[in-house]
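Architecture at a glance
What follows is each chain in one-letter form.
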Amino acid sequence: MNWTWFHRLGSPKWFYGISGRWLPLLIAATVLLVCAGLVWGLAIAPADYQQGNSFRIMYIHVPASFLAQSIYISMAICGVVGLVWKMKIADVALQQSAPIGAWMAFVSLLTGAIWGKPTWGAYWVWDARLTAMLILLFLYFGVIALGQAISNRDSAARACAVLAVVGVINIPIIKYSVEWWNTLHQPASFTLTEKPAMPASMWVPLLLMVLGFYCFYTVVLLMRMRLEILRRESRTSWVRAEVTRLTGRKK
Amino acid sequence: MNPVRKKRLIIILAILSGMAATVGLAVFALSENINLFYTPTEIAAGKVPADARIRAGGLVKEGSVQRNEDALTVRFVVTDGDADVTIEYRGILPDLFREGQGIVALGRLNAQGVLVSDEVLAKHDENYMPPEVSDALEKTGMLKHYEATQESKK
(Lines give C-alpha, C1' and ligand atoms only; values in the text may rest on other atoms or scores of the structure.)
Protein backbone atom coordinates (compact mmCIF):
# COMPACT_ATOMS: atom_id res chain seq x y z
CA MET A 1 0.00 0.00 0.00
CA ASN A 2 1.24 3.43 -0.91
CA TRP A 3 1.37 5.75 2.11
CA THR A 4 2.73 8.89 0.43
CA TRP A 5 -0.70 10.59 0.43
CA PHE A 6 -0.88 10.08 4.18
CA HIS A 7 2.53 11.62 4.81
CA ARG A 8 1.84 14.44 2.38
CA LEU A 9 -1.27 15.25 4.45
CA GLY A 10 1.13 15.94 7.30
CA SER A 11 2.73 18.80 5.41
CA PRO A 12 1.07 22.08 6.42
CA LYS A 13 1.95 23.73 3.12
CA TRP A 14 0.44 20.95 1.04
CA PHE A 15 -2.65 20.91 3.25
CA TYR A 16 -3.05 24.67 2.97
CA GLY A 17 -2.94 24.44 -0.80
CA ILE A 18 -5.35 21.56 -1.24
CA SER A 19 -7.88 22.82 1.33
CA GLY A 20 -7.97 26.17 -0.44
CA ARG A 21 -9.08 24.37 -3.59
CA TRP A 22 -11.78 22.31 -1.83
CA LEU A 23 -13.31 25.16 0.16
CA PRO A 24 -15.43 26.88 -2.53
CA LEU A 25 -16.95 23.54 -3.52
CA LEU A 26 -17.74 22.64 0.09
CA ILE A 27 -19.23 26.07 0.82
CA ALA A 28 -21.52 25.73 -2.20
CA ALA A 29 -22.60 22.24 -1.07
CA THR A 30 -23.27 23.48 2.48
CA VAL A 31 -25.44 26.40 1.38
CA LEU A 32 -27.36 24.23 -1.09
CA LEU A 33 -27.98 21.32 1.28
CA VAL A 34 -28.86 23.37 4.37
CA CYS A 35 -31.18 25.74 2.47
CA ALA A 36 -32.95 22.87 0.71
CA GLY A 37 -33.18 20.84 3.93
CA LEU A 38 -34.48 23.76 6.00
CA VAL A 39 -37.18 24.84 3.55
CA TRP A 40 -38.26 21.25 2.89
CA GLY A 41 -38.14 20.21 6.52
CA LEU A 42 -39.70 23.30 8.12
CA ALA A 43 -42.27 24.22 5.49
CA ILE A 44 -43.04 21.33 3.15
CA ALA A 45 -42.72 18.11 5.18
CA PRO A 46 -46.01 16.97 6.78
CA ALA A 47 -46.65 17.51 10.50
CA ASP A 48 -46.49 14.55 12.86
CA TYR A 49 -49.77 12.89 13.90
CA GLN A 50 -49.00 13.21 17.63
CA GLN A 51 -46.57 16.05 18.06
CA GLY A 52 -47.87 18.36 15.35
CA ASN A 53 -45.29 20.90 14.23
CA SER A 54 -43.01 20.63 17.23
CA PHE A 55 -41.38 17.53 15.73
CA ARG A 56 -39.73 19.81 13.14
CA ILE A 57 -37.06 20.71 15.68
CA MET A 58 -35.52 17.33 14.83
CA TYR A 59 -34.27 18.88 11.57
CA ILE A 60 -31.77 20.77 13.75
CA HIS A 61 -31.57 18.43 16.74
CA VAL A 62 -30.71 15.21 14.92
CA PRO A 63 -27.93 16.60 12.66
CA ALA A 64 -26.42 18.52 15.60
CA SER A 65 -26.39 15.35 17.73
CA PHE A 66 -24.86 13.28 14.91
CA LEU A 67 -22.18 15.92 14.43
CA ALA A 68 -21.42 16.26 18.14
CA GLN A 69 -20.61 12.53 18.23
CA SER A 70 -18.87 12.32 14.84
CA ILE A 71 -16.64 15.29 15.63
CA TYR A 72 -15.54 13.64 18.86
CA ILE A 73 -14.71 10.41 17.02
CA SER A 74 -12.72 12.36 14.43
CA MET A 75 -10.87 14.12 17.27
CA ALA A 76 -10.00 10.74 18.79
CA ILE A 77 -8.67 9.55 15.41
CA CYS A 78 -6.61 12.75 15.15
CA GLY A 79 -5.40 12.05 18.67
CA VAL A 80 -4.17 8.58 17.73
CA VAL A 81 -2.50 9.89 14.57
CA GLY A 82 -0.88 12.69 16.58
CA LEU A 83 0.40 10.34 19.28
CA VAL A 84 1.64 7.58 16.99
CA TRP A 85 2.90 9.41 13.91
CA LYS A 86 3.66 12.75 15.66
CA MET A 87 1.90 14.57 12.87
CA LYS A 88 1.49 18.24 13.71
CA ILE A 89 -1.49 18.72 11.45
CA ALA A 90 -3.41 16.15 13.52
CA ASP A 91 -3.05 18.39 16.58
CA VAL A 92 -4.22 21.39 14.56
CA ALA A 93 -7.31 19.45 13.46
CA LEU A 94 -7.99 18.22 17.01
CA GLN A 95 -7.72 21.66 18.59
CA GLN A 96 -9.79 23.34 15.91
CA SER A 97 -12.53 20.68 15.98
CA ALA A 98 -13.20 20.97 19.70
CA PRO A 99 -15.09 24.31 19.74
CA ILE A 100 -17.23 23.24 16.75
CA GLY A 101 -18.08 19.98 18.50
CA ALA A 102 -18.88 21.81 21.73
CA TRP A 103 -21.32 24.09 19.88
CA MET A 104 -22.96 21.10 18.21
CA ALA A 105 -23.39 19.33 21.56
CA PHE A 106 -24.79 22.55 23.03
CA VAL A 107 -27.27 23.02 20.16
CA SER A 108 -28.30 19.38 20.51
CA LEU A 109 -28.97 19.76 24.24
CA LEU A 110 -30.73 23.12 23.79
CA THR A 111 -33.05 21.99 20.99
CA GLY A 112 -33.71 18.78 22.92
CA ALA A 113 -34.76 20.78 25.98
CA ILE A 114 -37.04 23.04 23.91
CA TRP A 115 -38.66 19.95 22.35
CA GLY A 116 -38.81 18.10 25.66
CA LYS A 117 -41.04 20.62 27.41
CA PRO A 118 -44.10 20.27 25.15
CA THR A 119 -43.54 16.58 24.33
CA TRP A 120 -42.40 15.01 27.59
CA GLY A 121 -43.49 17.69 30.02
CA ALA A 122 -39.97 18.53 31.23
CA TYR A 123 -37.01 20.50 29.92
CA TRP A 124 -34.47 18.21 31.48
CA VAL A 125 -34.56 14.67 32.86
CA TRP A 126 -31.52 12.87 34.24
CA ASP A 127 -31.89 9.96 31.90
CA ALA A 128 -28.91 8.03 30.52
CA ARG A 129 -28.96 9.55 27.01
CA LEU A 130 -29.23 13.14 28.19
CA THR A 131 -26.62 12.74 30.90
CA ALA A 132 -24.14 11.04 28.55
CA MET A 133 -24.62 13.89 26.07
CA LEU A 134 -23.94 16.42 28.82
CA ILE A 135 -20.73 14.52 29.66
CA LEU A 136 -19.76 14.81 25.98
CA LEU A 137 -20.18 18.60 26.20
CA PHE A 138 -17.93 18.65 29.28
CA LEU A 139 -15.35 16.49 27.48
CA TYR A 140 -15.25 19.12 24.72
CA PHE A 141 -14.79 21.82 27.36
CA GLY A 142 -12.01 19.70 28.86
CA VAL A 143 -10.14 19.43 25.55
CA ILE A 144 -10.50 23.18 24.91
CA ALA A 145 -9.36 24.10 28.42
CA LEU A 146 -6.43 21.67 28.36
CA GLY A 147 -5.25 23.00 24.99
CA GLN A 148 -5.38 26.57 26.30
CA ALA A 149 -3.90 25.89 29.73
CA ILE A 150 -0.61 24.26 28.67
CA SER A 151 1.69 26.76 27.01
CA ASN A 152 4.11 24.25 25.54
CA ARG A 153 2.58 23.27 22.20
CA ASP A 154 3.88 19.67 22.19
CA SER A 155 2.79 18.91 25.77
CA ALA A 156 -0.62 20.44 25.11
CA ALA A 157 -0.97 18.36 21.95
CA ARG A 158 -0.13 15.15 23.78
CA ALA A 159 -2.46 15.88 26.73
CA CYS A 160 -5.38 16.79 24.46
CA ALA A 161 -4.79 13.73 22.29
CA VAL A 162 -4.89 11.42 25.32
CA LEU A 163 -8.08 13.07 26.61
CA ALA A 164 -9.71 12.83 23.18
CA VAL A 165 -8.79 9.15 22.81
CA VAL A 166 -9.90 8.16 26.31
CA GLY A 167 -13.13 10.16 26.11
CA VAL A 168 -14.23 8.30 23.00
CA ILE A 169 -15.53 5.56 25.33
CA ASN A 170 -18.47 7.88 26.00
CA ILE A 171 -19.61 7.66 22.37
CA PRO A 172 -20.89 4.04 22.41
CA ILE A 173 -22.50 4.84 25.78
CA ILE A 174 -24.43 7.70 24.17
CA LYS A 175 -25.33 5.56 21.17
CA TYR A 176 -26.56 2.51 23.09
CA SER A 177 -27.86 4.23 26.25
CA VAL A 178 -31.41 4.07 24.90
CA GLU A 179 -31.11 0.30 24.38
CA TRP A 180 -29.20 -0.71 27.52
CA TRP A 181 -31.35 1.16 30.02
CA ASN A 182 -34.88 2.42 30.45
CA THR A 183 -34.72 6.01 29.27
CA LEU A 184 -37.22 8.72 28.51
CA HIS A 185 -35.41 9.48 25.26
CA GLN A 186 -36.78 7.38 22.41
CA PRO A 187 -34.60 4.82 20.59
CA ALA A 188 -33.03 5.73 17.25
CA SER A 189 -35.43 6.27 14.34
CA PHE A 190 -32.65 5.45 11.90
CA THR A 191 -30.46 2.39 11.69
CA LEU A 192 -28.26 1.20 8.88
CA THR A 193 -30.03 -2.14 8.66
CA GLU A 194 -33.73 -1.26 8.92
CA LYS A 195 -35.86 1.21 7.06
CA PRO A 196 -36.49 4.50 8.89
CA ALA A 197 -39.42 4.75 11.31
CA MET A 198 -40.93 7.61 9.31
CA PRO A 199 -42.06 8.19 5.72
CA ALA A 200 -39.69 9.45 3.02
CA SER A 201 -41.37 12.88 3.00
CA MET A 202 -39.99 13.31 6.53
CA TRP A 203 -36.61 11.64 6.36
CA VAL A 204 -35.35 12.94 3.00
CA PRO A 205 -35.12 16.56 4.25
CA LEU A 206 -33.50 15.23 7.42
CA LEU A 207 -30.90 13.42 5.32
CA LEU A 208 -30.20 16.67 3.43
CA MET A 209 -29.78 18.50 6.74
CA VAL A 210 -27.41 15.84 8.08
CA LEU A 211 -25.26 15.99 4.93
CA GLY A 212 -25.42 19.80 5.04
CA PHE A 213 -24.24 19.83 8.65
CA TYR A 214 -21.34 17.54 7.79
CA CYS A 215 -20.32 19.89 4.94
CA PHE A 216 -20.73 22.87 7.28
CA TYR A 217 -18.45 21.23 9.83
CA THR A 218 -15.83 20.51 7.15
CA VAL A 219 -15.95 24.10 5.89
CA VAL A 220 -15.60 25.63 9.36
CA LEU A 221 -12.89 23.14 10.33
CA LEU A 222 -10.82 23.79 7.17
CA MET A 223 -11.11 27.56 7.61
CA ARG A 224 -10.07 27.36 11.26
CA MET A 225 -7.20 24.96 10.45
CA ARG A 226 -5.90 27.19 7.64
CA LEU A 227 -5.80 30.17 9.97
CA GLU A 228 -4.10 28.13 12.70
CA ILE A 229 -1.50 26.84 10.22
CA LEU A 230 -0.68 30.38 9.12
CA ARG A 231 -0.29 31.32 12.80
CA ARG A 232 1.90 28.35 13.74
CA GLU A 233 4.05 28.43 10.62
CA SER A 234 4.35 32.21 10.57
CA ARG A 235 8.15 32.04 10.46
CA THR A 236 8.35 30.01 7.25
CA SER A 237 8.90 31.71 3.94
CA TRP A 238 5.81 30.25 2.22
CA VAL A 239 3.52 31.65 4.91
CA ARG A 240 5.16 35.07 4.60
CA ALA A 241 4.62 34.96 0.88
CA GLU A 242 1.00 33.88 1.39
CA VAL A 243 0.29 36.62 3.93
CA THR A 244 1.81 39.19 1.61
CA ARG A 245 -0.38 37.89 -1.22
CA LEU A 246 -3.51 37.99 0.98
CA THR A 247 -2.98 41.42 2.54
CA GLY A 248 -1.28 42.96 -0.44
CA ARG A 249 1.48 44.61 1.55
CA LYS A 250 4.93 43.70 2.74
CA LYS A 251 5.59 43.10 6.45
CA MET B 1 5.01 0.72 10.17
CA ASN B 2 8.23 1.30 12.05
CA PRO B 3 8.69 -0.40 15.46
CA VAL B 4 8.53 2.83 17.52
CA ARG B 5 5.18 3.81 16.04
CA LYS B 6 3.91 0.27 16.38
CA LYS B 7 4.82 0.30 20.06
CA ARG B 8 3.10 3.64 20.61
CA LEU B 9 -0.02 2.39 18.84
CA ILE B 10 -0.07 -0.74 21.01
CA ILE B 11 0.27 1.36 24.18
CA ILE B 12 -2.64 3.57 23.12
CA LEU B 13 -4.80 0.56 22.31
CA ALA B 14 -3.89 -1.00 25.66
CA ILE B 15 -4.84 2.18 27.55
CA LEU B 16 -8.07 2.45 25.61
CA SER B 17 -9.11 -1.15 26.24
CA GLY B 18 -8.20 -0.79 29.92
CA MET B 19 -10.35 2.34 30.18
CA ALA B 20 -13.16 0.66 28.28
CA ALA B 21 -13.09 -2.29 30.68
CA THR B 22 -13.11 0.04 33.71
CA VAL B 23 -15.98 2.14 32.43
CA GLY B 24 -17.81 -0.99 31.31
CA LEU B 25 -17.61 -2.51 34.78
CA ALA B 26 -18.61 0.75 36.44
CA VAL B 27 -21.59 1.14 34.14
CA PHE B 28 -22.54 -2.51 34.70
CA ALA B 29 -22.36 -2.04 38.47
CA LEU B 30 -24.46 1.11 38.27
CA SER B 31 -26.95 -0.23 35.76
CA GLU B 32 -29.69 -0.50 38.40
CA ASN B 33 -29.33 3.19 39.13
CA ILE B 34 -28.98 4.33 35.55
CA ASN B 35 -32.44 3.06 34.60
CA LEU B 36 -34.68 6.08 34.57
CA PHE B 37 -37.73 4.14 35.74
CA TYR B 38 -38.93 0.83 37.14
CA THR B 39 -41.23 -1.31 35.05
CA PRO B 40 -44.52 -2.54 36.63
CA THR B 41 -43.04 -6.07 36.70
CA GLU B 42 -40.13 -4.87 38.84
CA ILE B 43 -42.56 -3.05 41.16
CA ALA B 44 -44.77 -6.15 41.46
CA ALA B 45 -41.69 -8.27 42.24
CA GLY B 46 -40.80 -5.93 45.11
CA LYS B 47 -37.51 -4.74 43.63
CA VAL B 48 -38.41 -1.18 44.50
CA PRO B 49 -36.99 0.50 47.64
CA ALA B 50 -39.72 1.29 50.17
CA ASP B 51 -40.43 4.89 51.15
CA ALA B 52 -38.36 6.31 48.35
CA ARG B 53 -39.37 8.49 45.45
CA ILE B 54 -39.33 6.28 42.41
CA ARG B 55 -40.26 6.51 38.76
CA ALA B 56 -42.59 4.00 37.21
CA GLY B 57 -42.80 3.65 33.46
CA GLY B 58 -45.04 1.75 31.06
CA LEU B 59 -48.00 2.02 28.74
CA VAL B 60 -51.25 3.57 29.95
CA LYS B 61 -53.79 0.72 29.95
CA GLU B 62 -56.76 1.08 27.61
CA GLY B 63 -59.90 2.26 29.41
CA SER B 64 -58.18 2.70 32.76
CA VAL B 65 -58.09 6.50 32.96
CA GLN B 66 -60.53 7.83 35.58
CA ARG B 67 -60.80 11.57 36.06
CA ASN B 68 -62.18 13.01 39.28
CA GLU B 69 -65.25 15.17 38.62
CA ASP B 70 -64.34 18.10 40.86
CA ALA B 71 -60.55 17.96 41.16
CA LEU B 72 -57.52 17.55 38.94
CA THR B 73 -56.87 14.08 40.33
CA VAL B 74 -56.48 11.38 37.71
CA ARG B 75 -56.14 7.65 38.32
CA PHE B 76 -54.85 5.31 35.66
CA VAL B 77 -53.16 1.96 35.31
CA VAL B 78 -49.72 1.55 33.75
CA THR B 79 -48.79 -1.81 32.33
CA ASP B 80 -45.88 -3.54 30.66
CA GLY B 81 -47.95 -6.51 29.56
CA ASP B 82 -47.03 -8.71 32.52
CA ALA B 83 -47.89 -6.57 35.54
CA ASP B 84 -49.90 -3.44 36.30
CA VAL B 85 -49.42 -0.54 38.66
CA THR B 86 -52.07 2.04 39.54
CA ILE B 87 -50.99 5.65 39.50
CA GLU B 88 -52.71 8.61 41.12
CA TYR B 89 -51.73 12.02 39.86
CA ARG B 90 -52.84 15.56 40.64
CA GLY B 91 -52.00 18.13 38.05
CA ILE B 92 -51.92 18.82 34.35
CA LEU B 93 -50.99 15.92 32.11
CA PRO B 94 -48.61 16.44 29.16
CA ASP B 95 -50.15 16.86 25.68
CA LEU B 96 -49.08 13.42 24.53
CA PHE B 97 -50.81 11.67 27.44
CA ARG B 98 -53.47 9.26 26.14
CA GLU B 99 -54.42 5.62 26.52
CA GLY B 100 -51.80 3.35 25.02
CA GLN B 101 -49.08 6.01 25.36
CA GLY B 102 -45.81 5.29 27.16
CA ILE B 103 -45.40 7.45 30.27
CA VAL B 104 -43.05 7.84 33.22
CA ALA B 105 -44.49 8.89 36.61
CA LEU B 106 -42.48 10.11 39.60
CA GLY B 107 -43.83 9.51 43.11
CA ARG B 108 -44.08 7.24 46.15
CA LEU B 109 -45.82 3.90 46.56
CA ASN B 110 -48.45 4.02 49.31
CA ALA B 111 -49.61 1.14 51.51
CA GLN B 112 -52.13 -0.03 48.88
CA GLY B 113 -49.41 -0.25 46.24
CA VAL B 114 -50.71 2.83 44.43
CA LEU B 115 -48.06 5.19 43.14
CA VAL B 116 -48.98 8.68 44.33
CA SER B 117 -47.33 10.78 41.70
CA ASP B 118 -46.52 14.46 41.42
CA GLU B 119 -44.94 14.40 37.97
CA VAL B 120 -46.01 12.58 34.82
CA LEU B 121 -43.83 12.66 31.71
CA ALA B 122 -44.94 11.36 28.32
CA LYS B 123 -42.49 9.10 26.53
CA HIS B 124 -42.36 9.55 22.81
CA ASP B 125 -41.50 6.59 20.61
CA GLU B 126 -39.21 6.66 17.59
CA ASN B 127 -42.04 6.55 15.04
CA TYR B 128 -43.20 9.57 13.11
CA MET B 129 -45.98 9.82 10.56
CA PRO B 130 -48.14 12.45 8.90
CA PRO B 131 -51.67 12.91 10.33
CA GLU B 132 -53.29 11.68 7.09
CA VAL B 133 -51.49 8.36 7.43
CA SER B 134 -52.49 7.95 11.07
CA ASP B 135 -56.12 8.89 10.18
CA ALA B 136 -56.15 6.28 7.46
CA LEU B 137 -54.73 3.69 9.83
CA GLU B 138 -57.29 4.70 12.48
CA LYS B 139 -60.20 4.30 10.04
CA THR B 140 -59.21 0.80 9.08
CA GLY B 141 -58.43 -0.05 12.69
CA MET B 142 -54.82 -0.68 11.78
CA LEU B 143 -53.27 1.97 14.04
CA LYS B 144 -53.50 -0.17 17.16
CA HIS B 145 -52.15 -3.10 15.19
CA TYR B 146 -49.30 -0.96 13.82
CA GLU B 147 -48.39 0.33 17.27
CA ALA B 148 -48.57 -3.17 18.71
CA THR B 149 -46.16 -4.50 16.09
CA GLN B 150 -43.82 -1.53 16.67
CA GLU B 151 -43.94 -2.24 20.39
CA SER B 152 -43.28 -5.95 20.04
CA LYS B 153 -40.31 -5.32 17.76
CA LYS B 154 -38.35 -3.80 20.68
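Source: prediction; values computed, not measured.

**Here's the deal with the layout of surface pockets**
Residue and element names in this part refer to chain A.
- Taken as a whole, the second largest pocket encloses approximately 1100 Å³ of empty space.
- Residue lining of the second largest pocket: 44 residues in total, with V62, S65, F66, R129 and A188 positioned closest to the centre.
- When residues of the lining of the second largest pocket are traced back to their parent elements, those giving at least two are α3 (58-85), α4 (88-119), α5 (128-149), α7 (170-180) and α8 (200-232).
- Counting residues per element, the lining of the second largest pocket draws most heavily on α3, which supplies eight residues.
- For the lining of the second largest pocket, the class distribution of residues is 29 nonpolar, 11 polar and four charged.

**Section: the pattern of salt bridges**
All names here are of chain A.
- Counted by the stated rule, this structure contains eight salt bridges over all chains.
- In this structure, E228 and R231 form a salt bridge, with 3.0 Å as the shortest nitrogen-oxygen distance. In this pair, E228 and R231 are both assigned in helix α8, three residues apart and thus about one turn of the helix distant.
- By relative accessible area, which is 10% here, E228 ends up buried.
- A relative accessible area of 56% means that R231 is categorised as exposed.
- The residue R245 makes a salt bridge to E242 at a minimum N-O spacing of 3.0 Å. Taken as a pair, R245 and E242 lie in helix α9 (residues 237-247) at a separation of three residues, close to a single helical turn.
- Where salt bridges share partners, they join D91, R153, E228, R231 and R232 into one cluster.

**Observations concerning the domain arrangement of chain B**
- According to the domain assignment, chain B consists of domain 1 (1-33) and domain 2 (37-122).
- Centre-to-centre separation of domain 1 of chain B and domain 2 of chain B, based on C-alpha positions: 41 Å.

**Observations regarding the UniProt feature "binding site: heme" (unreviewed entry) in chain B**
- On the UniProt side, "binding site: heme" (unreviewed entry) is annotated at positions that read H124 and Y128 of chain B here. From the set just named, the residues that line the second largest pocket comprise Y128 of chain B.
- With respect to the element layout, H124 of chain B can be found in the loop between β6 (115-123) and α3 (131-139).
- Other than its neighbours up to four places away in sequence, H124 of chain B contacts D48, Q50, Q51, W115, T119, W120 and Q186 of chain A together with L96 and Q101 of chain B.
- Reaching out from H124 of chain B, the side chain makes a polar contact with the side chain of Q51 of chain A at a distance of 2.7 Å.
- Along the polypeptide, Y128 of chain B turns up in the loop between β6 and α3.

**A few points about the interface of chain B and chain A**
- At the junction of the two partners, chain B supplies 40 residues and chain A supplies 43 residues.
- Carbon and sulfur atoms supply 65% of the area that chain B and chain A bury against each other, a total of about 3600 Å² over both sides.
- In this structure, the connection of chain B to chain A is made through seven residue pairs in polar contact (both at pLDDT 80 or more).
- Of all elements in the fold, only α1 (3-34), β6, α3 and α4 (142-153) of chain B reach the threshold of two or more residues within the side of chain B that touches chain A.
- With 12 residues, the top contributor of residues to the side of chain B that touches chain A is α1 of chain B.

Conventions we followed
- Residues numbered from 1 in each chain as written.
- Chains lettered and ligands numbered in written order.
- Predicted model: local features only at pLDDT ≥ 70, side-chain atom pairs only at ≥ 80, totals over all residues.
- Heavy atoms only, no water.
- 1 Å grid on protein atoms, 1.4 Å probe; cavity = no way out; pocket = protein on both sides within 12 Å on 5 of 7 lines; lining within 4 Å.
- Points joined across faces, edges and corners; volume = space filled by probe spheres on them.
- Helix = DSSP H or I, 4+ residues; strand = E, 2+ residues; numbered from the N terminus.
- Nonpolar A, V, L, I, M, F, W, Y, C, P; charged D, E, K, R; others polar.
- Salt bridge = Lys/Arg side-chain N within 4 Å of Asp/Glu carboxyl O.
- Buried < 20%, exposed > 50% of the residue type's maximum accessible area, 1.4 Å probe, protein only.
- Domains from an automatic or database assignment.
- UniProt positions renumbered as here; feature names shortened; annotations may be inferred.
- Contact = heavy atoms within 4.5 Å.
- Polar contact = N/O pair within 3.5 Å; in protein donor to acceptor, adjacent residues only side chain to side chain.
- Buried area = accessible area lost by both parts, 1.4 Å probe.

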